[in-house]
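# Fold and geometry: a report
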Amino acid sequence: MDVLLVVVDDVGLADFADPALTPRVAALREEGRDCTLALSNPLCSQSRLALRFGVHGRTVGIVQELDPTNPAAPIPAPGLPTLAGELAAAGYATALVGKWHCGGNPSGGSYQMAPIERGYQAWRAGIAASRVSSYRGWERVDADASGYTQFPETEHCAVAQIDEAESWWAAHVGQPRFLEVALNLAHGPFHVPPASLLSGYTIPPVPDKRDKFLAMVRAADTVIGRLLDMPGAREALVVVVSDNGTSPNAVEDPALQARLKGPTFDGGIRVPLVIRGPGVTVGEYDELLHLVDVPRAILDYVGCPVPTSWDGLLYRSSAISESISPSTGGLDQCLRTRYQKLRRVLDRGRAPVEEFYDLVLDPQELSPVISPPPGVLAAMRDVLYDWPVASRVRRRRTSGGSGMARFGLRSATAAAITSGGPTQDIDITGIDQPKAALYQMTSGLTVGTIAQVARHSVGMTDGTTERDVVNMWEDGGTTMATHDTGYRQDIATVIQQTVTASETLDGEADHNQWN
């Protein structure tokens, strides 16, 4: 099974959502799995670390930028498993085209050989300094096991990258291929790309920076279309994703700028993620995902063992995103569930900031909740402030599972019961008070957790399955209302006690997926 991973740069979910601007990605959504609640880290290299190494940066002791050209920048330890390395060990031809930005050479040699040390057998049209000052004048790197070349390149880097991607793909017919195409588009500097990449897209006669940014998004869509048209790509597993949200430089509104790439508002961490492949369920997938889950799911999908040290999960009820500002050194991190977010900022010389958001009532994150539910706030603090302790606890308890579930290839019963299942989409507006109270106590827990706790703690008979409880929960406005208040209160009390007694909300919800 061939694997094609395409990573665009600095394009948030909202800017990849217009079918008129991105028709090829829109068509891909119709043909595959459109993951609408995918989260990244708010800055580039931490997200690329998650995609390539299968871990959060903090797990390996790194939360700073991984600039390979900076001798003082951290380098992930030698020998860490990577997606490319695991696939190469399984017999894949592996290549990276485009941007690296994941640290220097772990062997101490030239940083231009870093991708080769991490499992890629070839690096083509590489960006030497992780970013370009001009798309038509940049330092290009090509590398393989024999060494590397570096030279000034004047061809537009997106044109060079798609040409190299097509060439490498065609040259490796006959063995399984893993190709990662890491585009610079639509990272600055903002400009009007070549007409060959615009596919008829109309640009104003005097474009401003927003117009140029949108033209670059269109160019990224054209490149993705060419990749999808490569022979054999129709039968491959295709994953298209962005590294983080849109750059604040791509908009004019100062209020919006403050909520894009950089901080952990949704504008900085909600990214497009579209998956297509044989057997992948077609349609929208609106459950929580983090980029760190993607490499695990890819290995599962193609039948390769998953490193036990990886942080990715097949289902999750919450996710942590974080970054350290390259300019101030301040830490910005958040714990996000489907409905809530706890954010904190630790900046040098400033008082710590903690903000709790109700994402149902305030999806734009404009007004932090003054008095959050105490139990929910305490549980989320336990996870966020003790991280990565909770992450280590979770990994010790996880085993087994299949990436097929992530791509919709397991039965509904298996996905919802055996593996815990995704958190259900519960609209809390206008519901009765008992269910609202239950929501407050279980927000972030999976349906499987709720079902198991309820079944085993309120004395349900053997003839009543966990599926029955799930049905009651999903249809809370009718079925659950037919049960007496005492029964519902028993369930609510037990779940509240479970949340209080568990090590962390995140650990309880996530490691339950595997029990």
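In the block above lies the structure referred to throughout.
Residues numbered from 1 in each chain as written. Predicted model: local features only at pLDDT ≥ 70, side-chain atom pairs only at ≥ 80, totals over all residues. Heavy atoms only, no water.

## Some points on the pattern of salt bridges
Tallied over the full model, the rule gives 30 salt bridges. For Asp15, the salt bridge is made with Arg210, and the minimal N-O distance between the two is 2.7 Å. With Asp15 in the loop between strand 1 (3-8) and helix 1 (23-31) and Arg210 in helix 6 (residues 209-228), this pair connects stretches of sequence that are 195 residues apart. Taking relative accessible area as the criterion, Asp15 reaches 13% and is therefore assigned buried. For Arg210, a relative accessible area of 25% puts it in the partly exposed group. We note a salt bridge from Asp286 to Arg338, for which the minimum N-O separation is 3.3 Å. One end of the pair, Asp286, is in the loop between strand 10 (283-285) and strand 11 (289-290); the other, Arg338, is in the loop between strand 13 (331-337) and strand 14 (340-346), with 52 residues separating them in the sequence. (Salt bridge = Lys/Arg side-chain N within 4 Å of Asp/Glu carboxyl O. Helix = DSSP H or I, 4+ residues; strand = E, 2+ residues; numbered from the N terminus. Buried < 20%, exposed > 50% of the residue type's maximum accessible area, 1.4 Å probe, protein only.)

## Describing the nonpolar core
Grouped burial of nonpolar side chains is what soluble globular proteins tend to show. In terms of nonpolar packing, the biggest core is built from 49 residues, with Leu4, Phe16, Leu179, Val181, Ile224 and Leu227 touching the most fellow members. Counting residues per element, the ones that place at least two in this core are strand 1, helix 1, strand 3 (93-98), strand 4 (122-127), helix 5 (157-171), strand 7 (177-182), helix 6 and strand 8 (237-242). Ranked by residues supplied to this core, first place goes to helix 6 with ten residues. Each residue touching Leu227, except ones within four places of it in the same chain, is listed here: Leu4, Val6, Ile162, Ala165, Val181 and Ala233. In terms of nonpolar packing, the next biggest core, distinct from the first, is built from 47 residues, Leu83, Ile116, Ile275 and Leu314 among them. (Core = buried A, V, L, I, M, F, W, Y, C linked by side-chain atoms within 4.5 Å. Contact = heavy atoms within 4.5 Å.)

## What about the packing of helix 5 against helix 6?
For the pair helix 5 and helix 6, interaxial distance at closest approach is 10 Å and the crossing angle is 10°. Relative to helix 6, helix 5 is oriented roughly parallel. Taking contact as the criterion, the partners of Ala158, Ile162, Asp163, Ala165 and Glu166 in helix 5 are, on helix 6, Val223, Arg226 and Leu227. Here the residues of the contact of helix 5 with helix 6 sort into five nonpolar, no polar and three charged. (Axes fitted to C-alpha atoms, helices over the stretch in contact; angles between N-to-C directions. Parallel < 35°, antiparallel > 145°, perpendicular 65-115°, else oblique. Nonpolar A, V, L, I, M, F, W, Y, C, P; charged D, E, K, R; others polar.)

## What to know about the packing of aromatic side chains
All chains considered together, the criterion is met by four aromatic pairs. Ring geometry for Trp100 against Tyr120: centres 6.2 Å apart, planes inclined by 85°, an arrangement best described as edge-to-face. With a gap of 20 residues between them, Trp100 in the loop between strand 3 and helix 4 (114-117) and Tyr120 in the loop between helix 4 and strand 4 connect regions that are remote in the sequence. According to the relative accessible area criterion, Tyr120 is buried, its value standing at 3%. Judged by centre distance (6.1 Å) and plane angle (75°), the rings of Phe265 and Tyr357 are edge-to-face. Of this pair, Phe265 sits in the loop between helix 7 (254-257) and helix 8 (266-269) while Tyr357 sits in strand 15 (residues 353-358), and the two are 92 residues apart along the sequence. The same class applies to Phe265 and to Tyr357, which are both buried. (Phe/Tyr/Trp six-rings, centres within 6.5 Å; stacked < 30°, edge-to-face > 60°.)

## Overview of the environment of Val360
With respect to the helices, strands and loops of the structure, Val360 is situated in the loop between strand 15 and helix 10 (374-386). Taking the C-alpha atoms as reference points, Val360 and Gln340, 20 residues apart in sequence, are found 7.6 Å from one another.

## Some words on unusual backbone geometry
Here Leu185 and Ala186 are connected by a cis peptide whose omega angle stands at 5°. Its place among the elements puts Ala186 in the loop between strand 7 and helix 6. Along the chain, Gly188 connects to Pro189 via a cis peptide bond; the corresponding omega equals 5°. Structurally, Pro189 can be placed in the loop between strand 7 and helix 6.

## Some points on the pairing of strand 7
Taking burial as the measure, the six residues of strand 7 include six buried ones, the bulk of the element. A two-sided burial pattern is seen for strand 7, the buried positions comprising Arg177, Leu179 and Val181 on one face and Phe178, Glu180 and Ala182 on the other. Judged from the five bridges that link them, strand 1 and strand 7 form a sheet pairing that is parallel. Residue Leu4 lies in a different strand from strand 7, and its bridge partner there is Leu179. Two elements, strand 3 and strand 7, share six bridges in a ladder whose sense is parallel. Looking across to strand 7, one finds that Val97 is bridged to Val181. (Pairing = 2+ DSSP bridges.)

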